[in-house]
Amino acid sequence: MLFCNSCKVHILGERQRCPLCGGALTGEGEPDTQLYPIVPPPRYSRHFLLRLISFVVIAGIAVSTAVNAIVSPGVWWSLFVSAGLICSWLTLAVAVSKRSHILKNIAWQLFLITVLAVLWDLATGWRGWSLDYVLPCSCMASMGSMYILSKILKIPARELVFYLILDSVYGVIPIIFVLTGLLHTAIPSILCIMVSVISIAAILLFEWRDIKEVIIRKFHV
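A brief look at the structure comes next. Not measured: the values here are computed from a predicted model.

Here we take up the overall build of the chain. Regarding its fold elements, the chain presents 8 helices and 2 strands. Once the C-alpha set of the chain is aligned to its principal axes, its extents read approximately 75 × 65 × 30 Å. In the chain, which comprises 221 residues, the share counted as buried stands at 29%. Long-range contacts, defined here as pairs at least 24 residues apart, represent 54% of the contacts in the chain between residues at least 6 apart. For the chain, the accessible surface area stands at approximately 14,400 Å², while carbon and sulfur atoms represent 71% of it.

Bringing the side chain of serine 82 into the picture now. Here serine 82 shows up in helix 2 (residues 78-97). Taking relative accessible area as the criterion, serine 82 reaches 11% and is therefore assigned buried. Sequence-distant contacts of serine 82, defined by excluding residues within four places in its chain, comprise Ile61, Ser64 and Thr65.

Here we come to the nonpolar core. Core analysis: the largest hydrophobic core is formed by 14 residues, its most contacted members being Leu103, Met146, Leu164 and Ile203. When contributions to this core are tallied by element, the ones reaching two or more residues are helix 3 (102-123), helix 4 (129-152), helix 5 (157-172) and helix 8 (208-219). Sort the elements by how many residues they give to this core and helix 5 lands first, with 6 residues. Those residues in contact with leucine 103 that sit more than four places away from it in its chain are Met146, Ile155, Glu159, Leu160 and Tyr163. Membership of the second largest hydrophobic core comes to 7 residues, among which are Leu131, Cys139, Phe177 and Leu183.

Looking now at the packing of helix 3 against helix 5. Where helix 3 contacts helix 5, the axes come no closer than 9 Å and their chain directions differ by 15°. With respect to their mutual orientation, helix 3 and helix 5 come out roughly parallel. Once helix 3 is placed against helix 5, the crossing between them reads as left-handed. Contact residues: helix 3 offers Leu103, Lys104, Ala107, Leu110, Phe111 and Thr114, while helix 5 offers Glu159, Leu160, Tyr163, Asp167 and Tyr170. Residue composition of the contact of helix 3 with helix 5, grouped by class: 7 nonpolar, 1 polar and 3 charged.

Note on placement: serine 150 falls in helix 4. A polar atom in the side chain of serine 150 sits 2.6 Å from the backbone oxygen of tyrosine 147. Leave out the neighbours within four places in its chain, and serine 150 touches Ile155 and Leu160.

Turning next to the environment of serine 130. Of note, serine 130 is situated in helix 4. C-alpha of serine 130 to C-alpha of lysine 151: the two residues are 21 residues apart in sequence and 30 Å apart in space. Residues contacting serine 130, with those up to four places away along its chain left out, are Ala117, Val118, Asp121 and Leu135.

Taking 1.5 Å per residue as the helical rise, helix 1 (residues 46-71) with its 26 residues ought to reach 38 Å, and the 37 Å between its terminal C-alpha atoms agrees with that figure. Three or more residues of helix 1 are buried, namely Ile53, Val57, Ser64 and Asn68. Of the surrounding elements, those touching the buried residues of helix 1 are helix 2.

For the rest of this paragraph, the subject is unusual backbone geometry. Although it is not a glycine, lysine 8 sits at a positive phi angle of roughly 60°. Among the secondary structure elements, lysine 8 is positioned in the loop between strand 1 (2-4) and strand 2 (9-11). Of note in the backbone geometry, tryptophan 126 takes a positive phi value of approximately 50° without being a glycine. When you line up the elements, tryptophan 126 lands in the loop between helix 3 and helix 4.

Reading guide: rules and limits
Residue positions are given per chain, counting from 1 as you read along its sequence in written order. Residue-level local features of this predicted model are given only where pLDDT is at least 70; pairs of side-chain atoms are given and counted only at 80 or more, and the full residue set underlies all totals for whole chains, interfaces and linings. Water and hydrogen atoms play no part in the side-chain values, which are based on all heavy atoms of the structure. Secondary structure counts use DSSP, requiring at least four H or I residues in a row for a helix and at least two E residues in a row for a strand, with both numbered from the N terminus. Working definition: with a 1.4 Å probe on protein chains only, accessible area under 20% of the residue-type maximum means buried, over 50% means exposed, and in between means partly exposed. Any two residues whose heavy atoms approach within 4.5 Å at even a single point are treated as in contact. The accessible surface values rely on the Shrake-Rupley method and a 1.4 Å probe; as for residues, cover is taken only from the protein chains in view. Here the nonpolar core consists of buried residues drawn from Ala, Val, Leu, Ile, Met, Phe, Trp, Tyr and Cys, with membership extended through side-chain atoms lying within 4.5 Å. Fitting a line to C-alpha atoms yields each axis, with helices limited to the stretch in contact; the angle taken between N-to-C directions then spans 0 to 180 degrees. Should an angle lie under 35 degrees it is considered roughly parallel, over 145 roughly antiparallel, and from 65 to 115 roughly perpendicular; all remaining angles are considered oblique. For any pair of crossing helices, the crossing counts as left-handed if the nearer helix is rotated counterclockwise from the farther one by less than a right angle, and right-handed if it is rotated clockwise. Under the scheme applied, nonpolar residues are Ala, Val, Leu, Ile, Met, Phe, Trp, Tyr, Cys and Pro; charged residues are Asp, Glu, Lys and Arg; polar residues are all the others, including Gly. N or O atoms closer than or at 3.5 Å make up a polar contact, with two conditions inside protein: a donor-capable atom paired with an acceptor-capable one, and, for residues adjacent in sequence, both atoms drawn from side chains. Expected helix span is given by 1.5 Å per residue-to-residue step, counting one fewer step than there are residues.

In short, shape yes, function no, at least from these values alone.
Listed below in structure tokens is the structure:
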């Protein structure tokens with residue numbers, strides 16, 4: 001049986017370190033007395049994946065810049081490639097960081113994608129496609145994916161309603177662009193507003209208890 005000289009206790013099972021102090025153990029382990037199964041660490045940790053994504057993005061920027069300088073030094077198209085790679089890095093980094101919570105991941109992706117779309121629209125001369133299509137379509141897609149995944153993964157309603165109502169409130173924002181006439185095509189935004197209002201109404205009318213519980217838990221009210 002394993003023994004810790006620092007804690008003066010015997011340790012069941014087969015371990016490398018003392019679970020109390022983290023010190024070295026003496027004696028021989030007994031696998032038959034293991035209380036809990038040994039869970040192997042994940043093959044690829046979050047930090048490794050982030051480093052891998054960062055390496056690929058940096059390599060892509062370096063390669064595209066070098067090719068640009070050799071082939072067409074007068075037209076710096078590699079700047080757009082680099083900007084696209086940086087945007088991809090941001091979305092993938094959020095996806096990896098929030099991978100343990102799918103609903104939070106979707107909410108972050110919605111915000112990030114719409115903001116990046118507006119910035120790209122501004123950088124390319126502002127044609128309004130980010131507000132006409134990306135914002136309303138992304139909001140409706142995220143609401144639908146949240147609901148479908150909650151059913152598939154059997155996520156409790158009290159966890160769903162918080163992120164769904166955040167998404168729905170975000171989906172009402174296009175009403176500002178409709179009323180101010182900033183849109184070239186208003187149909188996607190009108191549909192997004194309709195779906196968002198219906199979603200908010202359904203949550204407030206039928207899931208009020210869950211909302212109240214989430215508010216108390218998250219904001220310590």
